[in-house]
Amino acid sequence: MSYLLIGKGIVVTDPGEGRILLDGGVVIKNGFIEEVGDFSCLKTKHPEAILVNAQDRVIMPAFINLHMHLYSTFALGISLPSAPENFLGVLKNLWWRLDKALDPEDIYYSALVVLIEAAKCGTTTIFDHHASPWAIPGSLDYLTQAFNEVGLRGALCYEVSDRDGKEIARAGIKENLRYLQSVKGDLKALFGLHASFTISDATLKECVEVGSSYGAGFHLHAAEDQQDQVLTEEKYGQSVIERFYKAGVMGPKTILAHGIHLTPSEWDFIRETDSILVHNPESNMKNAVGYLPVEKLMERDVLPGLGTDGMSPDMLREVRLAFLLSRDKSGNPKAGFSTIPSLLLKNNPVYASRFFSYPFGKIEKGAIGDLIVMDYLPPTPLNENNWLGHFIYGITKSKVNTTIAKGIILLRNGEIKGIDEDKIRKEASFRAKRLWERW
């Protein structure tokens, strides 16, 4: 039985609203928050709890990544045969070659390396979007093994696409179905789709029939590049979101990644269905595909979340970049201050709470026991009125000292517990080299 008392520290009980408890503590029991209050009182009341001394640092809910590709790990340092000239070139010359080269052990180690890093970054919940066309059956189980070894929670899916032929598409559907039927515990299932321009009408219909029969949400890319819109219009006579809407893909459990080239009328479909549109700014900049106008979406009552699209599991880095990018794109030195942090601190937890059916993103009785202690000792007073300033300009540049997931301490004083990182890194490097030789 996990029984922890975290304190004494500055407890950010609701980061989305800036609620602060000074000299506070948090009791976690059996994976959920049992009590929040004055640290001295809690220490007297819970003498048997294992004490995690925050030493006046910031205590806050752990982070959620709403769009990740763990399999992208072995792309780091890879040599491309030629420099891609556009986004389709990036897909064909890099990602669609890499995913075909993956074998089961590659899937496992590429995930394990990043999940360890995620724990160090305070990210305890990851919604992953997987592809390995020549190693589909059981691929989500290799990811599950890595999640369980590190101790993180998340939602997995296999990316269905017709780009490698009908048999591969059918295998992807079967893997999603198998995982939907077998999944249990703190790992859940979504139904994965690649993007509209690589999915035929017949395949899309079958995916929706299978996914909907299990009440599954869908996880897919939507108009990351303009070519997705162009090719969808040419093939199907509809826009990307109109097509997904009419097919029955949209809904409160559905994750749409990117959305850069969607139109305002398509935003209305997203709002109407209560789907979430996930911003991935670092990846979008890297691929030169454009910018998602997050604040305009919010003005239209669309729910935007935040992901990293395989770039890293570091949500603090991602939200800081998203904030600075919003300022740069708008030319407005007031832009993004209250809106952009809410993607990570409020909207990601809103979706995760909806998906997992228990509270995320707040430190309150009954919420999940996923907390972090930031290695941040405020150099100036921190209170409810200036919380966002400390978060954006201070905490996003700080390291995570302690990570607790499911009420279990994964990281303490910056060190992962019970995992031989050096051995894992060496094996991952060995496997990456072999993959590069055959890709």
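Anything mentioned here points back to the structure above.
Residues numbered from 1 in each chain as written. Predicted model: local features only at pLDDT ≥ 70, side-chain atom pairs only at ≥ 80, totals over all residues. Heavy atoms only, no water.

With that settled, consider the sheet that holds strand β9 (residues 187–189). The four strands lie next to each other as β6-β7-β8-β9, forming an open sheet whose pairing is parallel. Two strands bound the open sheet, and with one partner strand each, they are β6 (63–68) and β9. On average, adjacent strands in this sheet sit at an angle of 15° to one another, irrespective of strand direction. Of the pairings in the sheet, the one linking strand β8 (residues 153–156) to β9 comprises three bridges and is parallel in character. Its bridge partner lying in β9, Gly 154 is registered against Leu 187. (Pairing = 2+ DSSP bridges. Helix = DSSP H or I, 4+ residues; strand = E, 2+ residues; numbered from the N terminus. Axes fitted to C-alpha atoms, helices over the stretch in contact; angles between N-to-C directions.)

We now examine the side chain of Asp 99. With respect to the helices, strands and loops of the structure, Asp 99 is situated in helix α2 (residues 87–101). At 3.0 Å, the side chain of Asp 99 and the side chain of Arg 163 are in polar contact. Other than its neighbours up to four places away in sequence, Asp 99 contacts Tyr 71, Ala 131, Ser 132, Pro 133 and Arg 163. (Polar contact = N/O pair within 3.5 Å; in protein donor to acceptor, adjacent residues only side chain to side chain. Contact = heavy atoms within 4.5 Å.)

Right, let's get into the pattern of salt bridges. Evaluation of the coordinates by the stated rule reveals 34 salt bridges. Asp 103 is the salt-bridge partner of Arg 438, the closest N and O atoms lying 3.6 Å from each other. Of the two residues, Arg 438 is situated in helix α15 (residues 421–438) and Asp 103 in the loop between α2 and α3 (104–121); the sequence distance between them amounts to 335 residues. With relative accessibility at 39%, the residue Arg 438 sits in the partly exposed group. A network of salt bridges, in which partner residues are shared, links Asp 99, Lys 100, Glu 159, Arg 163 and Asp 164. (Salt bridge = Lys/Arg side-chain N within 4 Å of Asp/Glu carboxyl O. Buried < 20%, exposed > 50% of the residue type's maximum accessible area, 1.4 Å probe, protein only.)

Coordinates in, geometry out; function isn't part of it.
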